[in-house]
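Results of the structural survey
As a plain string of letters, each chain reads:
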Amino acid sequence: MKPGYYGKAPKTLMPDAAVLSIRNVSKTFGQRRALDGVSLEATKGEMIALIGPSGSGKSTLLRSISALQTIDAGPGEIVAFGGPVQKDGRIDSNVRKTRTRIGMIFQQFNLVGRLSLFTNVALGSLGRINFWQAALGLWPAETKQSAMSALHRFGVSDYATQRANTLSGGQQQRGAIARALVQKAKIILADEPVASLDPVSARRVMEILRELNKNDGLTVLVTLHQVDYALRYCDRVVALKAGKVVYDGPSGGLKREQLIDIYGPEFEDVFWEGAPT
Amino acid sequence: MSVSSAVPPAPKRSLAQRAPDLVLWGGLIVLLAIAFRPAELSKFPLLFTNSGNMQELGRGFIKPDFTQWRLYVSMMWLTVQMALWGTTIAILAAAPLGLLASRNITPAFIQIPVRRFLDIVRSVPDLVIGMIFLVAVGPGPFAGVMALAIGTSGVLAKLFSEAVESIDRGPVEGVRATGGHKLHEIVWGVIPQVAPLWTSYALYRFESNSRSATVLGLIGAGGIGQVLFDSLNAFAYSNTAAIVVVIIVAVSLIDMLSQAIRSRLL
C-alpha cells in the first residue's frame, strides 16, 4: 500500500468538497438539549476528533450522522456525499445507500456475540450484495475474500471462526473496524472506540484508524474522552460543550485556556498520559 | 477525609413504604380465606378417612398390567408424533408473530393488535380448539395436531416476543449501520441473540405438548390419551397404571433429549 498524504484525489467531488455537512442540527431529549444548532463540515481525508465532557452531545452527533436517531424538526440537515441523510426531523428514505458508505465503530463494539468473527465482518457487505444472499448468509466470494483480508490486515484472522463474544475487547474492536472496511466505507464514525479498552489495545485501535485515514484516504470522525489521544492522532479537533461547538480548529491550537473553558479547572482528568502545561 | 460526624443510622423503611407490601400480602391472605369454601378445602380430612377407596384404587395401580404394551407404546409414539408436528407448525407461526408482537422492533400500530390477537388465541382452551377442528376435519390425530399448533403458537409467540424485547440494541444498530435492510437486522442482529431462549421455549413446549396431547385423547383426537380414557372409563386400573408408566417414561425421555439439545445449543 502506498502511503499518500490525505489519500487519493476524489473522483466525483471537488478536491476540498465536503463529504459530510452538518447544518444547524439540534436534538432535544425531553427537556435536555443534547445538540444545539451544531454545524460542521468534513472534507475528504480529514481526521477529526470530537471532544467534550460527558453529555456534551458527541455521541448524539455521531448517531445522528448515521441516522441511528432522528434530529429535531426544523432547519437542521445532515448531508453525506451530496445526498441527504436526514432533514427536518425525518430520516431520508434512501438512507441505507448512504449508510453503506459510512462505517460506524461503537464503544461496545456492537458485534453480534454469538456469531463468528468472520460472519460479523462479512455483515459489512449486507448493503451492497444481493438481498437474499445477504439474508441467508450465502456470502459471495468477494465478501469472503475482503472479510479475510481485512481481518488479516488487523491481525485477527486467527480468530475468524471464534464467536465474537469469546474475544477480547481489542480483538472485537479490530473486528468492528474490519467490518467497516468490508463495507467499503468512505467515512468512519467512531463513537468512543477506545473507551472500553486497555491502553495498549487503545493505542493499537487509534493507530489503525490513523492508518486508514492516511493510507486509505478515509475520512475519520472520532469522539474521544482522552484529549491527549485527540491531540496525538487527529489533525483537527472539534469541541462540544452543552450541545454547542466551542472549538473547531487544528489540534495544535488547543491550549490550556481552551481546555479549561471546555472541561473546567479539572481538565487534567481527561488526559491519560499527561496534560499540557 | 476527616470523620468527625457520627455514622448515620442504617436505612429504615417507613410505614408508607411498607404499606404496598402489607396490602399485597394481606390481600392474598384474605383472598385465600374467601376461596376456602368454594374450593371445598374443608374436604381435606376425607383424604384420610376415606382411605379405603384409595387403597382399592391403589391396589390396581400397584400391579400395572403390561399385556397390551405394544398398543400403548405405538399409541404413545403416535402422540409424540402429533406433538412434534403440532409444535413445529406452532414454531413456524410463532416466529413471525413473535417478532411482530415485539415493542422494540415493530411499530405500535401493528404490535398492539398482534398482541391482542395472541391474547385471544391463548385464552381459548386447547380442548375447544380441538372440538372446532374435530368438526372441520373429523376425529383423529390431525384435529389434535391443529389444536396443539394453534394453542402453542399463541403461547410461543408471546414468549418469543418477550425474548426479543429483552435483547441488546447495540448489535442490531451495528448491523443497521452497515446499510442492511430491516430484514437483515432481524436475521443477523435479533435472531442470533434470541436463538438460545427461543430454542429453549420451543423444546419445553414440545415436551409439554407430548403431555397435552394426552388430554386431547378425551375428545377423540387419537393417541395414548384415547386409550387412557377408555381404560379409565372401564375402571381397568391396572391397564391405566401401565399407560401412565408408558407416558412417564416417554415424557422423561423427551425431557432428557431436550436437555441434551439445549446444552449443545447454548
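A quick note: this is a predicted structure, and the numbers were derived from the prediction, not measured.

**A short note on the overall build of chain B**
Helices and strands together make up the secondary structure of chain B, namely eleven helices and zero strands. Ordered by position in the sequence, the α and β elements of chain B form the string α-α-α-α-α-α-α-α-α-α-α. A globule of 266 residues ought to have a C-alpha radius of gyration of about 18 Å, yet chain B, at 25 Å, is considerably larger. Considering only C-alpha atoms, chain B reaches an extent of 80 × 55 × 35 Å along its principal axes. When burial is assessed residue by residue, chain B has 38% of its 266 residues classed as buried. Of the contacts formed within chain B by residues at least 6 apart in sequence, a portion of 72% connects residues at least 24 apart. For chain B, the exposed area adds up to about 15600 Å²; of that, 71% sits on carbon and sulfur atoms. Here chain B contributes 20 positive and 14 negative side-chain charges, whose respective centroids are spaced 5 Å apart.

**Overview of the pattern of salt bridges**
Residue and element names in this part refer to chain A. Within this structure, the stated rule accounts for 23 salt bridges over all chains. A salt bridge links K244 to D36, with the shortest nitrogen-to-oxygen separation between them at 3.0 Å. Taken together, the residues span a long stretch of sequence, with K244 in strand β11 (residues 244–250) and D36 in strand β2 (residues 32–43) at a distance of 208 residues. Residue classification places K244 among the partly exposed positions, given a relative accessible area of 44%. Assessed through its relative accessible area of 21%, D36 is described here as partly exposed. Here the salt bridges share partners, and the residues they tie into one network are R23, E77 and K87.

**Structural notes on the domain arrangement of chain A**
When the parts of a complex come together, some accessible area is lost, and that lost area is often used as the size of the interface. All names here are of chain A. For chain A, the domain assignment lists domain 1 (19–101 + 187–255) and domain 2 (111–185). In this structure, domain 1 and domain 2 have C-alpha centres spaced 24 Å apart. Listed per partner, the contact involves 16 residues of domain 1 and 13 residues of domain 2. Counting each side, the surface lost to burial between domain 1 and domain 2 is near 1200 Å², with a carbon and sulfur contribution of 63%. Contact with domain 2 buries area across many residues of domain 1, yet T100, R204 and I208 alone supply 36% of it, more than any other trio.

**So, unusual backbone geometry**
Residue and element names in this part refer to chain A. Positive phi outside glycine occurs at F81, with the angle close to 55 degrees. By the secondary structure assignment, F81 is in the loop between β4 (77–80) and β5 (83–87). With a relative accessible area of 17%, F81 lands in the buried category. Although it is not a glycine, N110 adopts a positive phi angle of roughly 55 degrees. With respect to the helices and strands, N110 occurs in the loop between β7 (102–105) and α3 (117–122). Since its relative accessible area comes to 7%, N110 is described here as buried.

**A short note on the sheet that holds strand β1 (residues 18–29) of chain A**
Sheet strands pair via backbone hydrogen bonds, and the direction of the pair is either parallel or antiparallel. All names here are of chain A. Here we have five strands laid out as an open sheet, ordered β2-β1-β4-β5-β6, and antiparallel in their pairing. At either end of the open sheet lies a strand with only one pairing partner, and these are β2 and β6 (90–91). Here eight bridges tie β1 to β2, and the two strands are oriented antiparallel to one another. In the strand pairing of β2, V25 is matched with V38. Packing of helix α1 (residues 58–65) onto the sheet brings it into contact with β1, β2, β4 and β5, and relative to β2 it is tilted by some 60 degrees.

**Focus on the side chain of D191 of chain A**
All names here are of chain A. Note on placement: D191 falls in strand β8 (residues 187–191). A polar side-chain atom of D191 sits 2.8 Å from a polar atom in the side chain of S59. Those residues in contact with D191 that sit more than four places away from it in its chain are S59, L62, M104, I105, F106, Q107 and T223.

**Some words on the confidence of the model for chain B**
On average, residues of chain B score 89 in pLDDT, and 98% of them reach the 70 mark or higher. The ipTM assigned to the predicted complex is 0.87, against a pTM of 0.81.

**Brief notes about the packing of helix α8 (residues 169–177) of chain B against helix α9 (residues 182–216) of chain B**
Residues and elements named next belong to chain B. For the pair α8 and α9, interaxial distance at closest approach is 9 Å and the crossing angle is 160 degrees. Classified by the angle their axes make, α8 and α9 are roughly antiparallel. In this structure, α8 meets α9 at a crossing whose hand is right-handed. Here α8 contributes P171, V172, V175 and R176 to the contact with α9, which in turn contributes H184, E185, W188, G189, V190 and Q193.

**Regarding the sheet that holds β11 of chain A**
Residue and element names in this part refer to chain A. Judged by pairing direction, the sheet is mixed, and its six strands sit side by side in the order β7-β8-β9-β3-β10-β11 without closing on themselves. One side of each edge strand has no neighbouring strand; the edge strands of this open sheet are β7 and β11. This sheet shows a mean twist of 15 degrees between the axes of neighbouring strands, independent of strand direction. Bridge count between strand β3 (residues 47–51) and strand β9 (residues 219–223): four bridges; the pairing is parallel. Residue pairing across strands places L50 opposite T223, the latter belonging to β9. Lying over the sheet, α1 contacts β3, β7, β8, β9 and β10 (236–241), oriented at roughly 145 degrees with respect to β8.

**Here's the deal with the interface of chain A and chain B**
Each partner contributes to the interface: chain A provides 28 residues, whereas chain B provides 22 residues. Counting the surface lost from both chain A and chain B, the interface buries some 2100 Å², and carbon and sulfur atoms represent 64% of this. Taking the shortest distance from any N to any O, the salt bridge between E173 of chain B and R63 of chain A comes out at 2.7 Å. Between the two partners, chain A and chain B, sit six residue pairs in polar contact (both at pLDDT 80 or more). Secondary structure elements with two or more residues in the side of chain A that touches chain B: α2 (95–100), β7 and α4 (131–136) of chain A. Per-element accounting of the side of chain A that touches chain B gives the leading share, five residues, to α4 of chain A. Among the residues forming the side of chain A that touches chain B, the class breakdown is 15 nonpolar, seven polar and six charged.

**A few points about helix α1 (residues 15–35) of chain B**
All names here are of chain B. If you check α1, its first and last C-alpha atoms are 29 Å apart, about what 21 residues at 1.5 Å a residue would give, namely 30 Å. Within α1, the axis deviates most sharply at D21, by approximately 25 degrees. Summarising burial for α1: zero of the 21 residues are buried, a small minority.

About the criteria used
Residues numbered from 1 in each chain as written. Chains lettered and ligands numbered in written order. Predicted model: local features only at pLDDT ≥ 70, side-chain atom pairs only at ≥ 80, totals over all residues. Heavy atoms only, no water. Helix = DSSP H or I, 4+ residues; strand = E, 2+ residues; numbered from the N terminus. Rg over C-alpha atoms; globule rule 2.2 N^0.38 Å. Buried < 20%, exposed > 50% of the residue type's maximum accessible area, 1.4 Å probe, protein only. Contact = heavy atoms within 4.5 Å. Areas by Shrake-Rupley, 256 points an atom, 1.4 Å probe, with all protein chains shown as cover. Lys, Arg positive; Asp, Glu negative; His and termini not counted. Charge placed at Lys NZ, Arg CZ, Asp CG, Glu CD. Salt bridge = Lys/Arg side-chain N within 4 Å of Asp/Glu carboxyl O. Domains from an automatic or database assignment. Buried area = accessible area lost by both parts, 1.4 Å probe. Pairing = 2+ DSSP bridges. Axes fitted to C-alpha atoms, helices over the stretch in contact; angles between N-to-C directions. Polar contact = N/O pair within 3.5 Å; in protein donor to acceptor, adjacent residues only side chain to side chain. pLDDT = per-residue confidence, 0-100. Parallel < 35°, antiparallel > 145°, perpendicular 65-115°, else oblique. Left-handed = near helix turned anticlockwise from the far one by under 90°. Nonpolar A, V, L, I, M, F, W, Y, C, P; charged D, E, K, R; others polar. Expected span 1.5 Å × (residues − 1). Bend = angle between axes of the 7 residues up to and from the residue.

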